[in-house]
Each structure stands twice: as structure tokens, then as C-alpha cells.
Amino acid sequence: MRSLKFIHKNNEPCCFLSFPSLIGIYLKNMPNLEGWWESRVEGETLPIFPQLQYLRLQRCPKLSSMPKIASTRQVTVILRDVSVQVVSAIIGPLLNFHEIRLEEIKDLKDLEMEFHQNQNPNLGSSSSSMSSQSLTRLRVLKIEKCSNLMSLPEWIGTITSLWDLKIIDCPKLKSLPEGMRQLKSLNWLTIKGCPQLQERCKEGGEDWPNIAHILFKRFTEIGAVETAEIAEIGIWRKIKDFIPNVRSSLTCGRIA
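Please read all numbers here as calculations on a predicted model, not as lab measurements.

S.K.: Please clarify how the overall build of the chain should be interpreted in this entry.
M.R.: Scanning the chain from terminus to terminus reveals 6 helices and 11 strands. Expressed as a percentage of its 256 residues, the buried residues of the chain come to 43%. Counting only carbon and sulfur atoms, one obtains 53% of the accessible surface of the chain, whose full area is about 13,700 Å².

Here it is in C-alpha cells:
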């Protein structure tokens, strides 16, 4: 399979493109794979994988195109050591993400640009709303070893379902957008191997106001023993909100 260049060749029947019941795709260590199809035929029906739940592409560095995917299920996507063109092709069309992992995408510089690239310009919406459409149910986002990533989009604050965010070994990422403050469901934040970002995210740092509400935060230096920081301010806020309710209930009980 290491010599395979195209999954679908021109001399194969179009029915090969269907896969109406496929729930998982895993392509790994295919250094010569260039695309799903050898060449597009006008009017040819492309696969949409309506039942897809899991997509993993790993170490396919020459892969530059993928079919549009429009699954009705919640989908977990893991992209590792693939081109940024594939990231754009996958992230744009999918409408129901559960988890996204972007790992070792060396030419990924700006998530906002890549997430927008494959959106339909005729939708008449702003770029922010178009990008967030496909992420409304996203629960987990992990970005690891994307050595050239420099920024996260401001509209990340619209992903209100996000529960767990991990940013690992992205040394050029220097700050977090203010939109992070809107992520009220975000309970876990891990930042590792991002020295400048970690410094800004410490309590009292420039980005601390953007993440102070997050309950569990973990910051780890490169090569250091992993340490976990629990946001006590978040825990005590919940306790303080709870105590008055208890007192009120006790007072009412005495009056009765």
C-alpha cells in the first residue's frame, strides 16, 4: 500500500465511490498517496460517507485532496502529518464534529484561514459564523506539534460546546484570543511546550483574564516534570454560590 497513489482510478466503476454504510476511515503510512481520485470526471458523484463516525489520516504527506464528507453522525477526526490542504478539505464540509485532533501539521500557520478556505462564499454569512457552523457540537480540540501555528481564531469563543482544549508543542503560538472568555463549558485546558504562551497564561499574565474561568488548567514546560494546576478560583466560586443557597434553605426551615 505504500506505493498507492490514488484510491479511485479512472478505470474503476463509479459505484466504488459510494460507501453509504461506512463508519470509519483510517489511512496510515501511505507516503505516495496523492488523492482520493486519479482525476475528476464531470458529473461524477463523489462519496459523502453519510454514516461516518471516525476519520484518521496519518503520515500521508503527499495527500492533497479528499472527498467532501457530510456525515449525519458525530465525527471524530484525527489528522497527523498531512498537508494543510487536507485540513481545509476535511474541516470545512463536515457539520457535526465531536473531536478534532491536529498533529504534526507542519505548514499550519493560521487556523482561521484554513477553516475558512473551503467554505461556500455564496452563503452570505460572515467568515466567523461560517467557520463556527461546523463546530457547534465540538467537545474536544487537540493541537499538537504544529510547529508553525501562530494564532487561534477569535471566533473560537462561539464553540460553546467545547469542553477540553489541548495545545502541545506549538512554540510559535504566543497568545490566546479574548474569545476564550466565552467558553463557559470549557473545563480542561492543557498547554505544554509553548513557552511564551505559558508565560502569558500564568495568573497575573496578559492572557490570564481569557482563561481564569476554566476550572482545570495544566501548564507544562518542555522537558519538565508534568504538573497540574487546579483553578481554585473556579472551585471557590462554585462553593460560594452554593453556601448562600444552603443558608437560605436552613433559614426557611427554621421559620417553618
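S.K.: Any chance you could explain unusual backbone geometry here in plain terms?
M.R.: Positive phi, normally seen in glycine, also occurs at arginine 59, with a value near 55°. Relative to the elements of secondary structure, arginine 59 occurs in the loop between strand 4 (54-58) and strand 5 (75-80). Not every positive phi belongs to a glycine, and lysine 145 is a case in point at roughly 55°. Tracing the sequence through the fold places lysine 145 in the loop between strand 7 (140-144) and strand 8 (164-168). On the basis of relative accessible area, lysine 145 is assigned to the partly exposed category, the value being 39%.

S.K.: How should the pattern of salt bridges be read in this particular structure?
M.R.: Once their charged atoms are close, side chains differing in charge can pair, the charge on each being opposite to the other. With the rule as written, the count across this model stands at 11 salt bridges. Here glutamate 104 makes a salt bridge to arginine 80, at a shortest N to O gap of 3.0 Å. Here glutamate 104, found in the loop between strand 6 (97-103) and helix 2 (111-117), pairs with arginine 80, found in strand 5; they are 24 residues apart in sequence, far enough to count as distant. Notably, a salt bridge pairs lysine 106 with aspartate 81, separated by 3.5 Å at the nearest N-O pair. Taken together, the residues span a long stretch of sequence, with lysine 106 in the loop between strand 6 and helix 2 and aspartate 81 in the loop between strand 5 and helix 1 (84-91) at a distance of 25 residues. Lysine 106 gets classed as partly exposed once you look at its relative accessible area, which sits at 47%. Here the salt bridges do not stand alone but share partners, grouping Arg59, Arg80, Glu103, Glu104, Lys142 and Glu144 into one network.

S.K.: Can you help me understand the environment of valine 84 in this one?
M.R.: For valine 84, the position within the fold is in helix 1. A relative accessible area of 9% means that valine 84 is categorised as buried. For valine 84 and serine 64, which are 20 residues apart along the polypeptide, the C-alpha to C-alpha distance reads 8.2 Å.

S.K.: Before we go on, may I ask you to explain the environment of leucine 108 in this structure?
M.R.: By the secondary structure assignment, leucine 108 is in the loop between strand 6 and helix 2. Given a relative accessible area of 0%, leucine 108 falls into the buried group. Separated by 25 residues in the primary sequence, leucine 108 and serine 83 place their C-alpha atoms 8.2 Å from one another.

S.K.: Would you mind going over the pairing of strand 6 with me for this structure?
M.R.: The side chains of a regular strand alternate, first on one face of the sheet and then on the other. In terms of burial, strand 6 is largely enclosed, as 5 of its 7 residues are buried. In this sheet, strand 6 lies alongside strand 5 in parallel orientation, the contact comprising 6 bridges. Opposite threonine 76, over in strand 6, you have glutamate 99 as the bridge partner.

S.K.: Before we go on, may I ask you to explain helix 1 in this structure?
M.R.: Along an α-helix, a turn takes 3.6 residues, which lines up residues three or four apart on a common side. Across the 8 residues that make up helix 1, a large majority, 7, are buried. Within the span of helix 1, buried status applies to Val84, Val86, Val87, Ser88, Ala89, Ile90 and Ile91.

S.K.: Would you mind going over the pairing of strand 8 with me for this structure?
M.R.: The element strand 8 is extensively covered by neighbouring structure, given that 4 of its 5 residues are classed as buried. Summarising the sheet, strand 7 and strand 8 pair through 5 bridges and their orientation is parallel. Counterpart to valine 140 in the pairing with strand 8 is aspartate 164. Note: strand 8 against strand 9 (residues 188-192), 5 bridges, orientation parallel.

So, how was this worked out
Residues numbered from 1 in each chain as written. Predicted model: local features only at pLDDT ≥ 70, side-chain atom pairs only at ≥ 80, totals over all residues. Heavy atoms only, no water. Helix = DSSP H or I, 4+ residues; strand = E, 2+ residues; numbered from the N terminus. Buried < 20%, exposed > 50% of the residue type's maximum accessible area, 1.4 Å probe, protein only. Areas by Shrake-Rupley, 256 points an atom, 1.4 Å probe, with all protein chains shown as cover. Salt bridge = Lys/Arg side-chain N within 4 Å of Asp/Glu carboxyl O. Pairing = 2+ DSSP bridges.

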